[in-house]
Amino acid sequence: MKIAVLTAGGDCPGLNAVIRGVVLKGDRIYEHEFVGVRDGFRGLVDNDIVPLPRQRVRGLSKVGGTILGTSRVSPMTNGGTDRVKEVMDQHHIDALIAVGGEGTLTVARMFHDAGIHVVGVPKTIDNDLSATDRTFGFDTAVSVATESIDRLRTTGEAHSRCMVVEVMGRNVGWIALHAGIASGAHAILIPEVPVTRQQLFDWVRHAMDRGRAPVVVVAEGFTFAGEEEKVGSDRTDGFGRQLLGGIGDQVTRMIEEATGIETRNTTLGHLQRGGVPSSYDRVLATRFGTAAVDAVSNRLWGTMVALHGINIVNVNLRDATSELKTVPREQWDEAAILFG
Ligand SMILES: Nc1ncnc2c1ncn2[C@@H]1O[C@H](COP(=O)(O)OP(=O)(O)OP(=O)(O)O)[C@@H](O)[C@H]1O
Ligand SMILES: O=P(O)(O)OC[C@H]1O[C@](O)(CO)[C@@H](O)[C@@H]1O
Ligand SMILES: [Mg+2]
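What you are looking at is a predicted structure, and each value in this text was computed from that prediction instead of being measured.

K.L.:
Mind showing me how you'd approach the sheet that holds strand 11 (residues 263–267) here?
P.N.:
Within a sheet, neighbouring strands are paired by backbone hydrogen bonds and run either parallel or antiparallel to one another. Reading across the sheet, the four strands line up as 7-8-6-11 and stay open at both edges, with parallel pairing between neighbours. At either end of the open sheet lies a strand with only one pairing partner, and these are strand 7 (187–189) and strand 11. Within this sheet the neighbouring strands show an average axis-to-axis angle of 15 degrees, counted without direction. Where strand 7 lies against strand 8 (residues 215–219), three bridges are found, and the strand directions are parallel. By the bridge assignment for strand 8, Ile-188 is matched with Val-217.

K.L.:
Please clarify how the nonpolar core should be interpreted in this entry.
P.N.:
Inside soluble globular proteins, nonpolar side chains tend to come together where they are buried. By size, the foremost hydrophobic cluster in this structure holds 81 residues, and its most contacted members are Phe-136, Leu-200, Val-216 and Trp-332. The dominant element in this core, judged by the number of residues it contributes, is helix 9 (residues 279–297), at eight residues. Among all residues touching Leu-200, those that are not within four sequence positions of it are Ala-187, Leu-189, Val-216, Phe-224, Val-251 and Ile-255. Residues Leu-6, Val-35, Leu-129 and Ala-320 belong to the second largest nonpolar core, which totals 28 residues.

K.L.:
Where do I start with the site of ligand 2 in this structure?
P.N.:
The full set of residues close to ligand 2 is Arg-72, Ile-125, Asp-126, Met-168, Gly-169, Arg-170, Glu-220, His-270 and Arg-273. Within the contact set of ligand 2, an oxygen atom lies 3.3 Å away from a backbone nitrogen or oxygen of Gly-169. Between ligand 2 and the protein, one listed contact pairs an oxygen atom with a side-chain N or O atom of Arg-273 at 2.8 Å. In isolation ligand 2 offers 400 Å² of accessible surface; the protein chains occlude 82% of this area. Here ligand 2 is seated within the largest pocket.

K.L.:
What exactly am I supposed to notice about the site of ligand 1 here?
P.N.:
In the vicinity of ligand 1, 20 residues are found, and the nearest of them are Gly-10, Arg-72, Gly-101, Thr-104 and Arg-241. Measuring from an oxygen atom of ligand 1, one finds a backbone N or O atom of Arg-72 at 2.8 Å. A distance of 2.8 Å is found between an oxygen atom of ligand 1 and a backbone nitrogen or oxygen belonging to Gly-103. Surface burial for ligand 1 is 84%, taken as the share of its 610 Å² of free accessible area covered by protein chains. Cavity membership is defined here by more than half of the atoms lying within 2 Å of grid points; on that basis ligand 1 lies in the largest pocket. Of the residues forming the shell around ligand 1, the biggest block, six residues, is contributed by helix 4 (residues 102–113). Residue composition of the shell around ligand 1, grouped by class: seven nonpolar, nine polar and four charged.

Analysis parameters
- Residues numbered from 1 in each chain as written.
- Chains lettered and ligands numbered in written order.
- Predicted model: local features only at pLDDT ≥ 70, side-chain atom pairs only at ≥ 80, totals over all residues.
- Heavy atoms only, no water.
- Pairing = 2+ DSSP bridges.
- Helix = DSSP H or I, 4+ residues; strand = E, 2+ residues; numbered from the N terminus.
- Axes fitted to C-alpha atoms, helices over the stretch in contact; angles between N-to-C directions.
- Core = buried A, V, L, I, M, F, W, Y, C linked by side-chain atoms within 4.5 Å.
- Buried < 20%, exposed > 50% of the residue type's maximum accessible area, 1.4 Å probe, protein only.
- Contact = heavy atoms within 4.5 Å.
- Near = heavy atom within 4 Å.
- Polar contact = N/O pair within 3.5 Å; in protein donor to acceptor, adjacent residues only side chain to side chain.
- Areas by Shrake-Rupley, 256 points an atom, 1.4 Å probe, with all protein chains shown as cover.
- 1 Å grid on protein atoms, 1.4 Å probe; cavity = no way out; pocket = protein on both sides within 12 Å on 5 of 7 lines; lining within 4 Å.
- Sits in = over half its atoms within 2 Å of the grid points.
- Nonpolar A, V, L, I, M, F, W, Y, C, P; charged D, E, K, R; others polar.

Read these as spatial facts, not as claims about activity.
In structure tokens:
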């Protein structure tokens, strides 16, 4: 078979390990031929397809980013599935492996509905896909955030300051929750659990009164109780969504004004997405890659590979994209017992 691979949406540590797993197993076990699609769906509609021989994937499991490039260009507003079929036919491509988050996999499901042979691989640092226990990239992002918060704590303590750290998480607070617990944060603010300003100020004051330099971790998509609008700029991403960011700075100003405690903000941003993947993410991504090429070889069109417990399974793309995996209230409550 001739198989095309693409990576779409935000990049994430482990994408290259997936590509390597796909190509090495596909070459060695099935003798498939591979091509890469440049920059996600952009390459599929612009006919930007490159050869992907096994030599091209050597040593890739520890390399961050994606050798194929990625983008948020939608195929649906750029020729749609007819154009995708045309380009695939022109290159005699039998099947597509789409590596991406919930958006990419939604498009993969649309492709499947249109009769395109497609298999999905879940990725995202946000860990917000419900059909898999974990997505690769999350472990690396949490490690980066945890190490950063540990560092911010020592400078905070030196100055007796409150330190606010803004992490990624447009719709869900998994990174904030895990990095916050790991680093012993005094408050963790996530999109799933709105809290009042007063509650936040009480946690900060309480930590300070105990002689600690308060650490507040806030996910970019957090809103205070009773507020709807997320904090972001007037700029949009390639798919027209508002760029988020700025809640950390807002929270910082509020804390300083309400408590009188000197407060500083750090926004971790894309540091959480860049660099080498953790060993956990390399392993998971490699397993996803080899399982995806098995799924293609078994013609399991319209499915996605997923981690269930310790096993890699195949799930329906429709189920995989039906709802986001949010942080359950009980998990935040467990952490909140230690706040303040
Ligand atoms: N419902 C949709 N209809 C048409 N195109 C879509 C749809 N959802 C997503 N897309 C396209 O797929 C691209 C990838 O989706 P998205 O930007 O949400 O990233 P993702 O795959 O969810 O990864 P992440 O959220 O981790 O960055 C979008 O930028 C957009 O071009
Ligand atoms: O700057 P970009 O690439 O548009 O991505 C930002 C978004 O990507 C994510 O990390 C998901 O990959 C979100 O948490 C964040 O809002
Ligand atoms: Mg998404």
